[in-house]
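# Examination of the molecular architecture
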Amino acid sequence: MTSEQLDDIAGLPRGPVDRWLRSAIGDRFDSKEWRAEPISGGLSNLTYRLRLGDGSSVVLRRPPLGGVLPSAHDMRREWTLLTALYGTGIPVPQPLALCTDDSVLGGTFYVMSDVPGEVFRTSADTGALTGPQRRDLSTVFVGTLTDLHALNPYEVGLADFGRPDHFNERQVRRWGEQWRRSQRQELPDMDRLLALMASRIPATHDVSIVHGDFRLDNMLVAAGTADISVNAVVDWELSTLGDPLADLGLALTYWHDMHDDERALIPIALGVTAHPGFMTTTEIAEQYSRTSGRRLDELNFYQAMGAMKLAVILAGVEARFNDGHMSDQGPLSLREAIRVLVARGLRAITV
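What this report covers is the structure whose coordinates are included nearby. (Residues numbered from 1 in each chain as written. Predicted model: local features only at pLDDT ≥ 70, side-chain atom pairs only at ≥ 80, totals over all residues. Heavy atoms only, no water.)

## Remarks on the overall build of the protein
Along its length, the protein carries 11 helices and 9 strands. Excluding contacts between residues fewer than 6 apart, the proportion of contacts in the protein whose partners are at least 24 apart in sequence is 70%. Of the roughly 15100 Å² that the protein leaves accessible, carbon and sulfur atoms contribute 48%. (Helix = DSSP H or I, 4+ residues; strand = E, 2+ residues; numbered from the N terminus. Contact = heavy atoms within 4.5 Å. Areas by Shrake-Rupley, 256 points an atom, 1.4 Å probe, with all protein chains shown as cover.)

## Quick look at empty space enclosed by the protein
Throughout the structure, instances matching the rule amount to 1 cavity of 30 Å³ or more. Considered as a void within the structure, the largest cavity measures approximately 80 Å³ in volume. Lining the largest cavity, in full, are Phe141, Arg215, Leu216, Asp217, Ala251, Tyr254, Trp255, Ala269, Val272 and Thr273. A per-class count over the lining of the largest cavity returns 7 nonpolar, 1 polar and 2 charged. (1 Å grid on protein atoms, 1.4 Å probe; cavity = no way out; pocket = protein on both sides within 12 Å on 5 of 7 lines; lining within 4 Å. Points joined across faces, edges and corners; volume = space filled by probe spheres on them. Nonpolar A, V, L, I, M, F, W, Y, C, P; charged D, E, K, R; others polar.)

## Describing unusual backbone geometry
What is expected of a backbone is that most residues other than glycine have negative phi and most peptide bonds are trans. Phi at Asp235 takes a positive value of approximately 60°, unusual for a residue other than glycine. When you line up the elements, Asp235 lands in the loop between β8 (229-233) and β9 (240-242). The exposure class assigned to Asp235 is buried, which follows from its relative accessible area of 18%. Phi is positive for Ala269, close to 60°, though the residue is something other than glycine. Structurally, the position occupied by Ala269 is in the loop between α8 (244-254) and α9 (281-292). (Buried < 20%, exposed > 50% of the residue type's maximum accessible area, 1.4 Å probe, protein only.)

## Focus: the packing of α8 against α9
Viewed as axis vectors pointing N to C, α8 and α9 meet at an angle of 160°, and their least axial separation amounts to 10 Å. Here α8 is positioned roughly antiparallel relative to α9, judged by the angle of their axes. Read as a crossing pair, α8 and α9 show a hand that is right-handed. Contacts between α8 and α9 involve Pro244, Leu245, Leu248 and Leu252 from the former and Thr281, Ile284, Ala285 and Tyr288 from the latter. Of the residues assigned to the contact of α8 with α9, the class counts are 7 nonpolar, 1 polar and no charged. (Axes fitted to C-alpha atoms, helices over the stretch in contact; angles between N-to-C directions. Parallel < 35°, antiparallel > 145°, perpendicular 65-115°, else oblique. Left-handed = near helix turned anticlockwise from the far one by under 90°.)

## Describing the pattern of salt bridges
Enumeration over the complete set of coordinates arrives at 19 salt bridges. Between Arg49 and Asp114 there is a salt bridge, and its shortest N-O distance comes to 2.7 Å. Taken together, the residues Arg49 in strand β2 (residues 46-51) and Asp114 in the loop between β5 (109-113) and α4 (123-127) connect sequence positions 65 residues apart. Three or more residues are tied together by salt bridges with common partners; here these are Glu37, Arg49, Arg51 and Asp114. (Salt bridge = Lys/Arg side-chain N within 4 Å of Asp/Glu carboxyl O.)

## Structural notes on the side chain of Asp243
If you trace the backbone, Asp243 turns up in the loop between β9 and α8. One buried charged side chain, Asp243, makes no salt bridge at all; its nearest oppositely charged neighbour is Arg294, positioned 6.4 Å away. At 2.5 Å, the side chain of Asp243 forms a polar contact with the side chain of Tyr302. Once you skip the residues sitting within four places of it in the chain, Asp243 turns out to touch Phe167, Asn168, Thr204, Asp206, Val210 and Tyr302. (Lys, Arg positive; Asp, Glu negative; His and termini not counted. Polar contact = N/O pair within 3.5 Å; in protein donor to acceptor, adjacent residues only side chain to side chain.)

## Comments concerning the side chain of Ser57
Secondary-structure assignment places Ser57 in strand β3 (residues 57-62). Among the polar contacts listed, one links the side chain of Ser57 to the side chain of Asp114, at a separation of 2.6 Å.

## Here's the deal with the packing of aromatic side chains
Scanning all chains against the criterion turns up 6 aromatic pairs. Measuring from ring centre to ring centre gives 4.8 Å for Trp20 and Phe109, while their planes differ by 65°; the resulting arrangement is edge-to-face. Of this pair, Trp20 sits in helix α1 (residues 14-24) while Phe109 sits in strand β5; the two residues are 89 residues apart in sequence, bridging distant segments of the chain. Pair check on accessibility: Trp20 and Phe109 agree, each one buried. (Phe/Tyr/Trp six-rings, centres within 6.5 Å; stacked < 30°, edge-to-face > 60°.)

Next comes the structure, spelled out in structure tokens:
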């Protein structure tokens, strides 16, 4: 792709971006040579790799082109979170520049460092690993989540990053509101699931930074050496302060156990962990409990909430697709995936 083709990339008009880059990272910028390429994988915020004239690269994150729900896709929050976490030991890209001038891209966006690492997004990606590598990847996955939840948010300047009081109640209410704004199908079981969850809110015993979308393909992994490690955790758009077990519940929703045929109807992270060597969802939960010291007596609620949240996220993707804001919604029917997720959530909450 040449620089002249940048105008063809949706959401990244060359002229305004060119001028902003010149002022924000001018020492690394050459308007005649820089070019951009979309980075695939995200379901909402748009991510691009910008290759600069000096041979280096940075990553730009911006909100979706349309269909944005209230409180969603807040790029300033992502920037605040990265700024707080960078240098703490939690692996994140270095935040480089924030733009709050809506005249550039129509909303707030930012640029961060381009961190090297493998992204395990498909079954084929993890199929190339050995069994011991998959086990090690499972271990560092849990370890990274545990480390994040062990970090004191008040000590890194995030005391005002969220309202952790009544976190689970507000999560159920807020995601229920998002569902009603996004839904394009009648699904009484979702109403039932939301009502059951609202009646069975567990007590929150501690507060942590919550990633909000913790899954394997939101990690950049160094896998080419003897020891697998995480270079960076990305996609913090849903991060907040709250109940750490909410992260675990959603992580288990994404995890695909071998022989889970129903899970195969959900296109997100499809088959990624359905290989010999990966921990099962039960083992992931047990490992998290051991390393974090947290009891999982109410895990069924968090798994139900994870299934509900992913169903709402997919409903938002479907809505943006149907409204003409996305060119592709994935290989499988999102409507079927939403129904499967709601059914799984109901089974979890009624155990």
